[in-house]
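As a plain string of letters, each chain reads:
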Amino acid sequence: MSHKPSRKFPPITECNGSAYGSIAADLDGTLLVSRSSFPYFMLVAVEAGGLLRGLALLLSLPIVIIAYLFISEAIGIQILIFISFSGLKIRDIELASRAVLPRFYAADVRKESYEVFDKCERKVVVTANPTLMVEPFVKDFLGGDKVLGTEIEVNPRTKRATGFVKRPGVLVGKWKKLAVLKEFGEDAPDLGIGDRQTDHDFMSICKEGYMVLPNKSAKPLPRDRLKSRIIFHDGRLVQRPDPLNALVTYIWLPFGFILSIIRVYFNLPLPERIVRYTYEMLGIHLVIRGNPPPAPSSGSPGNLYVCNHRTPLDPIVIAIALGRKVSCVTYSVSKLSRFLSPIPAIALTRDRAADAARISELLQKGDLVVCPEGTTCRENFLLRFSALFAEMSDRIVPVAVNCKQNMFYGTTVRGVKFWDPYFFFMNPRPTYEVTFLDRLPEEMTCKAGGKSAIEVANYVQKVLGDVLGFECTGLTRKDKYMLLGGNDGKVESMYNSKK
């Protein structure tokens, strides 16, 4: 297929202006290092539609490539949209776009393009990708003002995507140009940047145009230079699912599932002092640092182990590191999960007085593990510590926990929490690190030291943050669930939001 001659545009490295009024910029291959949007469609397909939909998308990739190269760019993208979006609730696509995609986009921002983009006062992104998919990232992390993208067709009765797109269709070539003209009117953008010939149409109406040339050594922008920080994110996949990673993941999936079943149920009946060694036999690397305190003597209250929260397995791993059973308290965990737990897991009610009485009762019987953040955090941040634990005991032992997962995350907001441990154990070589710190000195406790519960909670948070190298924040469980799931994190709210 022949292309009409197009205007020549200089490379973006020649854009030396200090400030511009407005810009129209392409996304894939321009503001992003990657020129392919396949990994991001794969993320939506898997996280909003399930593993089978993701497999269907992966198997269709040869057809997509043939259509893209030999028929048209628009047809290739339409196939991606149809397989990824067809039949999905729009709300599920929106949540995946807000909760899952930004972490992967943030690692893919092209440095020189973003620096030019950031100089401009009015920033508009023009992309063939669905607006619904890219808008949260563009606005919250790149500081974009508007996204001109492909609009998804929605069944008004079911609120589900049909898989097709609204007129004028997939936004490529002349349709990008028309979208820019409609948005800017007679006041053409000062800058237009793109990375392929189909971007020349809209770049030609800008006052200046620059090409972002393909470069395998292009540097991604450090994440701390984006407009927002990635603190919370959801989704099961650790690595960006480009075609090779996606293929390896699906090949590993059945073996990983069998391995996770063995890892869970082989260790379930064994004493904790033995599990430390069987973990290594089954490929689970457990690192224990510090001096675990001995078990409490008969008649004396137990220690209160206060740890940060990385996965639902934290209390179990602490019990294994101690070599004995300890109890733990938890929120929002199913009865089946508590039944299958190898250590006593007691549900709290969110009634402060009732929960305080329950914790005091448990401490009289032995050691207890609490996670005062109230929810897990995947990144190197600590959420605000609830102060309730500080009122319950002066025998407080901070415990720093961290874990390494290279294929699947063992936590979820929107998914089924019952599967969290199984996904963690599906990783080929998961690692858990447990560091026991010294017991809090009496002068830093409530009863003996006269400190307030909030002072103690903040002190423990800071001590753990220093050991782990994590930043302490004032964010809460509610903040996380409102961002990632559109609810406040309570069981009834989570159930209602899925209806």
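Residues numbered from 1 in each chain as written. Predicted model: local features only at pLDDT ≥ 70, side-chain atom pairs only at ≥ 80, totals over all residues. Heavy atoms only, no water.

Colleague: What's the story with a nonpolar patch on the surface in this structure? I'm lost.
Modeller: Taken together, the side chains of I65, I66, L69, F70, I71 and I75 make up a nonpolar region of the molecular surface, amounting to roughly 630 Å² of accessible area. With respect to the helices, strands and loops of the structure, I66 is situated in helix α4 (residues 61–70). (Patch = residues over 30% accessible without salt bridge, like charges linked within 9 Å, V, L, I, M, F, W, Y side chains within 5 Å. Areas by Shrake-Rupley, 256 points an atom, 1.4 Å probe, with all protein chains shown as cover. Salt bridge = Lys/Arg side-chain N within 4 Å of Asp/Glu carboxyl O. Helix = DSSP H or I, 4+ residues; strand = E, 2+ residues; numbered from the N terminus.)

Colleague: When you look at the confidence of the model for the chain in this model, what are you seeing that I'm missing?
Modeller: Residues shown with low pLDDT carry predicted positions that ought not to be read at fine detail. Looking at the chain as a whole, the pLDDT averages 91, with 95% of positions reaching at least 70. In this model residues 1–5 is a low-confidence stretch, pLDDT under 50, and it forms 3 contacts with partners more than four residues away in sequence or in other chains. (pLDDT = per-residue confidence, 0-100. Contact = heavy atoms within 4.5 Å.)

Colleague: Even after reading the chapter, I still don't get the pairing of strand β1 (residues 20–25), so can you show me in this structure?
Modeller: If a strand is regular, its side chains alternate between the two faces of the sheet. Burial of β1 is extensive: 5 of the 6 residues sit out of reach of the surface. One ladder, built from 5 bridges, connects β1 with strand β2 (residues 120–130); its direction is parallel. Pairing of A25 across the sheet is with V125, part of β2. Here β1 runs beside strand β6 (residues 191–194); their pairing, made up of 3 bridges, is parallel. (Buried < 20%, exposed > 50% of the residue type's maximum accessible area, 1.4 Å probe, protein only. Pairing = 2+ DSSP bridges.)

Colleague: Whenever I open this one, the nonpolar core confuses me. Can you help?
Modeller: Taken as a class, soluble globular proteins show a tendency for nonpolar side chains to be buried jointly. With 77 residues, the main nonpolar core has F85, M133 and L142 as its most contacted residues. Here this core takes 9 residues from helix α2 (residues 38–49), the largest share from any one element. With residues near it in sequence (within four places) discarded, M133 still touches Y40, F41, V44, F85, S97, L101 and Y105. Counting residues in each nonpolar core, the second largest holds 30 residues, with Y305, I320, C371 and Y422 among its members. (Core = buried A, V, L, I, M, F, W, Y, C linked by side-chain atoms within 4.5 Å.)

Colleague: Help me understand the pattern of salt bridges, please; the structure alone is not making it clear to me.
Modeller: Close approach of charged atoms allows side chains of opposite charge to pair. Using the criterion set out here, one finds 26 salt bridges in the structure. With its nearest N and O atoms 4.0 Å apart, the salt bridge here joins K207 to D187. With a gap of 20 residues between them, K207 in the loop between α11 (200–203) and β7 (208–211) and D187 in the loop between α10 (174–184) and β6 connect regions that are remote in the sequence. A relative accessible area of 52% places D187 in the exposed class. With a shortest N-O distance of 2.8 Å, E471 and R229 are connected by a salt bridge. With E471 in strand β16 (residues 471–472) and R229 in the loop between β7 and α12 (243–267), the pair connects residues that are 242 residues apart, well separated along the chain. Residues joined in a network through salt bridges with shared partners are D26, K176 and D199.

Colleague: Just to check I follow, could you spell out the sheet that holds strand β11 (residues 345–347) for this structure?
Modeller: Strand pairing within a sheet occurs via backbone hydrogen bonds; the two strands may be parallel or antiparallel. Reading across the sheet, the 7 strands line up as β8-β15-β14-β9-β12-β10-β11 and stay open at both edges, with mixed pairing between neighbours. Of all the strands in the sheet, just β8 (285–290) and β11 have a single pairing partner and so form its edges. Sheet twist, expressed as the average angle between the axes of neighbouring strands with direction ignored, equals 25°. Direction of pairing for strand β9 (residues 304–307) relative to strand β14 (residues 396–404): parallel, over a ladder of 4 bridges. Within β14, the residue paired with V306 across the bridge is P398. (Axes fitted to C-alpha atoms, helices over the stretch in contact; angles between N-to-C directions.)

Colleague: What should I look at first to understand the packing of α2 against helix α5 (residues 73–85) in this one?
Modeller: The packing of two helices is summarised by the inter-axis angle and the distance between the axes. With their axes 8 Å apart at the nearest point, α2 and α5 run at an angle of 20° to one another. When the axes of α2 and α5 are compared, the pair comes out roughly parallel. You can see that α2 and α5 cross each other, and the crossing is right-handed. Of the residues in α5, those touching α2 at F38, F41, V44 and A45 are L80, I81, S84 and F85. A breakdown of the residues in the contact of α2 with α5 according to their chemical character gives 7 nonpolar, 1 polar and no charged. (Parallel < 35°, antiparallel > 145°, perpendicular 65-115°, else oblique. Left-handed = near helix turned anticlockwise from the far one by under 90°. Nonpolar A, V, L, I, M, F, W, Y, C, P; charged D, E, K, R; others polar.)

Colleague: Help me out: how do you make sense of the packing of aromatic side chains in this one?
Modeller: Note on aromatic pairs: each is described by the distance of the centres and the angle between the planes. A full pass over the atoms with the stated rule returns 15 aromatic pairs. Following the ring pairs from residue to residue traces out a cluster consisting of F257, Y265, F418, W419 and Y422. Geometry around F104 places R103 over its ring, the cationic atom sitting 4.1 Å from the centre. Here the basic side chain of R122 rests over the ring of F184, its NZ or CZ set 4.2 Å away from the ring centre. (Phe/Tyr/Trp six-rings, centres within 6.5 Å; stacked < 30°, edge-to-face > 60°. Lys NZ or Arg CZ within 6 Å of the ring centre and 35° of its normal.)

Colleague: What's the story with the environment of L440 in this structure? I'm lost.
Modeller: Note that L440 resides in the loop between β15 (431–436) and α19 (453–468). The exposure class assigned to L440 is buried, which follows from its relative accessible area of 6%. Once the C-alpha coordinates of L440 and R395 are considered, the two residues, 45 residues apart in sequence, prove to be 7.1 Å apart.

Colleague: What is the right way to look at helix α8 (residues 111–118) in this model?
Modeller: An α-helical segment advances 3.6 residues per turn. Residues three or four places apart therefore align on the same side. Taken together, the buried positions of α8 are occupied by S113, Y114, V116 and F117. Angularly, the buried residues of α8 cover 160° about the axis, an arc narrow enough to put them on a single face. Looking at the buried positions of α8, the neighbouring elements they touch are β1, α1 (27–31), β2, α9 (131–141) and β6. (Arc of directions from axis to C-beta.)

Colleague: What am I meant to see in α5 here?
Modeller: If you check α5, its first and last C-alpha atoms are 18 Å apart, about what 13 residues at 1.5 Å a residue would give, namely 18 Å. Looking at α5, one finds that the buried residues are E73, G76, I77, Q78, L80, I81, S84 and F85. Remark: G87 follows α5 within two positions and exhibits a positive phi of approximately 85°. (Expected span 1.5 Å × (residues − 1).)

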